[in-house]
Amino acid sequence: MAARPRTLPAAVAPVLVGTAAAVQWYGSLPRWGAFFAALVGSIFIQIGTNLANDYSDAKRGADTADRLGPVRVTASGMITPQRVMRATWIAFAVAVACGIYLTTVAGWVILVIGVFSIAAGVLYTGGPRPYGYAGFGEVFVFLFFGLVAVNGSYYVQLEALDALPLGLSISIGFLATAIIVVNNVRDVETDRRAGKNTLAVRIGRERAVGIYKLLIGGGFLVLPIALVGGDSSLLPMIGLFAAPLAIKPIKTLEERRDGPALNAVLAQTGALLGVFSLLVTAGLLISA
């Protein structure tokens with residue numbers, strides 16, 4: 001429950017797309033070990049971040065009994081704070097192990113990226129001045145689960161950066177950011193009472209819903225631009241076939257305010273990112 005599996009497509013999608021972009025350029029997968037290490041590392045950074053968030057939000061009083069989202073294990077007393085924190089560091093330790101391996105393969109820049117990624121995960125709701133409480137959570141997701149993860153996955157394969165993964169990272173980043181927007185729209189009232197000034201709290205629910213729609217639309221709009229700008233085959237545009245999956249969550253987010261409906265939107269947005277990334281990855285691999 002604390003690992004929040006519905007959010008894990010945000011960790012898997014960028015690695016698949018960044019690696020597939022490298023395969024399209026190279027003609028095959030240069031480093032299988034680097035792919036698996038990047039995938040496992042990304043997943044456990046996400047899990048570690050979710051666990052740290054569960055712990056820190058409970059400590060700061062942001063997760064209360066009247067929240068609309070799923071039960072948080074620390075705040076509910078299901079698991080002691082000490083065990084949640086221990087699990088957090090175990091998850092980050094797995095990510096560190098993957099990062100050390102990737103550093104031996106692709107150089108010290110990967111170690112730096114890993115350190116910043118883990119620090120960003122911990123400081124999202126932890127530390128003396130958590131940036132998630134200041135409305136910057138969406139920026140973190142876009143940077144680390146979009147730009148960093150896609151381009152990093154490409155870099156560990158070819159030790160280079162190119163226009164194609166950069167464009168694709170923007171597309172993936174937009175859709176990944178939409179996940180946290182849903183989360184913050186759902187929790188806007190309880191976050192406001194707890195003094196957690198997320199973007200949704202700062203700008204209001206309606207504007208946050210508007211940003212969600214812009215992010216979803218932007219994710220699909222950027223895809224063809226990324227492919228053309230990156231001199232890629234246009235076959236990965238099959239990712240656009242995922243667009244109909246956006247209709248239901250957008251409609252629900254506009255019309256509903258109850259917990260079960262908004263939790264479903266969170267899962268549907270994660271599924272949208274997952275299907276989109278799988279289709280784009282398939283297109284990149286087929287055109288390699």
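In this text, all values refer to a predicted model and were calculated from it rather than measured experimentally.

Peer 1: How would you sum up the nonpolar core? Please name residues and give values.
Peer 2: With 51 residues, the main nonpolar core has Leu 168, Tyr 212 and Ile 216 as its most contacted residues. Among the elements that make up this core, the one with the highest residue count is helix H7 (residues 163-186) (eleven residues). Those residues within four positions of Tyr 212 in sequence are excluded, and the remaining contacts are Ala 178, Val 181, Val 182, Pro 249, Ile 250, Leu 253, Val 265 and Thr 269. Within the second largest apolar cluster, 14 residues are counted, among which are Phe 35, Leu 39, Leu 102 and Val 156.

Peer 1: An account of a nonpolar patch on the surface is requested, with residue identities and associated values reported.
Peer 2: Together, Met 1, Val 71 and Met 78 make up an exposed nonpolar region whose accessible area comes to about 320 Å². Its relative accessible area of 57% is what places Met 1 among the exposed residues.

Peer 1: Break down the packing of helix H4 (residues 81-106) against helix H5 (residues 108-123) for me, citing the residues and quoting the values.
Peer 2: At a minimum axis distance of 7 Å, the contact between H4 and H5 shows a crossing angle of 160 degrees. Here H4 lies roughly antiparallel to H5, going by the angle between them. Considering the relative orientation of H4 and H5, their crossing is right-handed. Contacts from Trp 89, Phe 92, Ala 95, Val 96, Gly 99, Leu 102, Thr 103 and Ala 106 of H4 reach H5 at Trp 108, Val 109, Ile 110, Leu 111, Ile 118 and Val 122.

Peer 1: Can you tell me about the packing of aromatic side chains, naming the residues and giving the values?
Peer 2: For the coordinates displayed, the defined rule picks out nine aromatic pairs. Judged by centre distance (5.3 Å) and plane angle (40 degrees), the rings of Phe 140 and Phe 144 are tilted. Of this pair, Phe 140 and Phe 144 both sit in helix H6 (residues 137-158), four residues apart, roughly one helical turn. You can call Phe 140 buried: its relative accessible area is 6%. Through a chain of ring-to-ring contacts, the aromatic side chains of Tyr 131, Phe 140, Phe 144 and Phe 145 assemble into a single cluster. Above the plane of the ring of Tyr 133 lies Lys 196, whose end atom (NZ or CZ) is 5.3 Å from the centre.

Peer 1: Pulling in residues and values, what's your account of the pattern of salt bridges?
Peer 2: Taken as a whole and assessed by the stated rule, the structure comprises seven salt bridges. Between Arg 31 and Glu 159 there is a salt bridge, and its shortest N-O distance comes to 2.6 Å. In this pair, Arg 31 is assigned in the loop between helix H1 (9-26) and helix H2 (32-60) and Glu 159 in the loop between H6 and H7, connecting sequence segments 128 residues apart. Arg 31 gets classed as partly exposed once you look at its relative accessible area, which sits at 24%. Across the pair Glu 255 and Lys 251 runs a salt bridge whose closest N-O atoms are separated by 3.3 Å. Here Glu 255 pairs with Lys 251, and both are found in helix H11 (residues 247-255), just four residues apart, close to one helical turn. We classify Glu 255 as exposed; its relative accessible area is 53%.

Peer 1: So what about unusual backbone geometry? Which residues, and what values?
Peer 2: With a phi angle near 55 degrees, Arg 4 is a residue other than glycine that sits in the positive phi range. Structurally, the position occupied by Arg 4 is in the segment before H1. Its relative accessible area of 12% is what places Arg 4 among the buried residues. Unlike most non-glycine residues, Asp 231 shows phi in positive territory, near 55 degrees. Assignment of secondary structure puts Asp 231 in the loop between helix H10 (205-229) and H11.

Peer 1: Mind laying out the packing of H1 against H7, listing which residues take part and the relevant values?
Peer 2: The angle between the axes and the distance between the axes are what describe a pair of packed helices. Two elements in contact, H1 and H7, have axes whose closest approach is 10 Å; the angle formed by their N-to-C orientations is 165 degrees. The pairing of H1 with H7 is recorded here as roughly antiparallel in orientation. As H1 packs across H7, the resulting crossing turns out to be right-handed. Touching Ala 10, Pro 14, Val 17, Ala 21 and Gln 24 of H1 are Leu 164, Leu 168, Ile 172, Ala 176 and Ile 179, all from H7. For the contact of H1 with H7, the per-class residue count stands at nine nonpolar, one polar and no charged.

Peer 1: Can you lay out the side chain of Thr 269 for me, pointing to particular residues and giving the numbers?
Peer 2: In this fold, Thr 269 is placed in helix H12 (residues 259-286). Its relative accessible area of 1% is what places Thr 269 among the buried residues. Those residues in contact with Thr 269 that lie beyond four places of it in its chain are Leu 175, Ala 178, Ile 179, Val 182, Tyr 212, Ile 216 and Pro 249.

Cut-off values and rules
Residues numbered from 1 in each chain as written. Predicted model: local features only at pLDDT ≥ 70, side-chain atom pairs only at ≥ 80, totals over all residues. Heavy atoms only, no water. Core = buried A, V, L, I, M, F, W, Y, C linked by side-chain atoms within 4.5 Å. Buried < 20%, exposed > 50% of the residue type's maximum accessible area, 1.4 Å probe, protein only. Helix = DSSP H or I, 4+ residues; strand = E, 2+ residues; numbered from the N terminus. Contact = heavy atoms within 4.5 Å. Patch = residues over 30% accessible without salt bridge, like charges linked within 9 Å, V, L, I, M, F, W, Y side chains within 5 Å. Areas by Shrake-Rupley, 256 points an atom, 1.4 Å probe, with all protein chains shown as cover. Salt bridge = Lys/Arg side-chain N within 4 Å of Asp/Glu carboxyl O. Axes fitted to C-alpha atoms, helices over the stretch in contact; angles between N-to-C directions. Parallel < 35°, antiparallel > 145°, perpendicular 65-115°, else oblique. Left-handed = near helix turned anticlockwise from the far one by under 90°. Phe/Tyr/Trp six-rings, centres within 6.5 Å; stacked < 30°, edge-to-face > 60°. Lys NZ or Arg CZ within 6 Å of the ring centre and 35° of its normal. Nonpolar A, V, L, I, M, F, W, Y, C, P; charged D, E, K, R; others polar.

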